[in-house]
Amino acid sequence: MATEESIIRIPPYHYIHVLDQNSNVSRVEVGPKTYIRQDNERWVLGPGRGVPARLAGTTVRLLPVPRQGWPWCG
């Protein structure tokens with residue numbers, strides 16, 4: 001692909017897939033970044049929007065194990 005861009009601007013929370021044609025291994029580059037493509041690399045997919053992981057999505061379990069002396073444990 002002679003007309004393929006050699007400089008790719010990846011916005012925040014986006015990614016691209018880059019294929020290294022020497023080793024035939026694909027990798028993911030994550031933004032925000034200005035990515036400069038090497039001669040042996042090919043831009044395969046993207047930029048795609050990433051899925052944010054919620055840090056507050058954890059669950060706190062109260063009283064997971066019954067203890068001796070609690071009124072409902074008998």
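Residues numbered from 1 in each chain as written. Predicted model: local features only at pLDDT ≥ 70, side-chain atom pairs only at ≥ 80, totals over all residues. Heavy atoms only, no water.

Per an unreviewed UniProt entry, the chain goes by Major vault protein and derives from Ursus americanus.

Student: For this particular structure, what's the right way to read the nonpolar core?
Tutor: Nonpolar side chains in soluble globular proteins tend to end up buried together. Grouped together as the largest cluster of nonpolar side chains are five residues: Ile-8, Ile-10, Ile-16, Val-18 and Tyr-35. For this core, the secondary-structure elements that each account for two or more residues are strand 1 (7-10) and strand 2 (14-20). When sequence neighbours within four positions are dropped, the list of residues in contact with Tyr-35 reads Ser-6, Ile-7, Ile-8, Ile-10, Ile-16, Val-18, Arg-27, Glu-29 and Glu-41. (Core = buried A, V, L, I, M, F, W, Y, C linked by side-chain atoms within 4.5 Å. Buried < 20%, exposed > 50% of the residue type's maximum accessible area, 1.4 Å probe, protein only. Helix = DSSP H or I, 4+ residues; strand = E, 2+ residues; numbered from the N terminus. Contact = heavy atoms within 4.5 Å.)

Student: Would you mind going over the environment of Gly-31 with me for this structure?
Tutor: Tracing the sequence through the fold places Gly-31 in the loop between strand 3 (25-30) and strand 4 (33-36). Once the C-alpha coordinates of Gly-31 and His-14 are considered, the two residues, 17 residues apart in sequence, prove to be 5.5 Å apart. The residues contacting Gly-31, other than those within four sequence positions of it, are Ile-10, Pro-11, Pro-12, Tyr-13 and His-14.

Student: Would you explain the side chain of Glu-29 in this entry?
Tutor: Following the sequence through the fold, Glu-29 ends up in strand 3. Not counting residues within four places of it along the chain, the set of residues in contact with Glu-29 comprises Ile-10, His-14, Tyr-15, Ile-16, Val-18 and Tyr-35.

Student: Just checking my understanding: could you explain the confidence of the model for the chain for this structure?
Tutor: If pLDDT is low for a region, its predicted coordinates should not be looked at in detail. Averaged over all residues, the pLDDT of the chain equals 80, while 68% of them reach at least 70. Averaged pLDDT values over the elements of the chain bottom out at 89 in strand 5 (residues 41-49) and peak at 94 in strand 4. (pLDDT = per-residue confidence, 0-100.)

Student: In this structure, what is going on with the pattern of salt bridges? I would like to understand it.
Tutor: Pairing of side chains with opposite charge becomes possible as their charged atoms draw close. Considering all chains together, one arrives at three salt bridges under this definition. Among the salt bridges present, the one from Arg-27 reaches Glu-29, with a minimum N-O distance of 2.9 Å. With a relative accessible area of 29%, Arg-27 lands in the partly exposed category. The residue Lys-33 makes a salt bridge to Glu-29 at a minimum N-O spacing of 2.5 Å. (Salt bridge = Lys/Arg side-chain N within 4 Å of Asp/Glu carboxyl O.)

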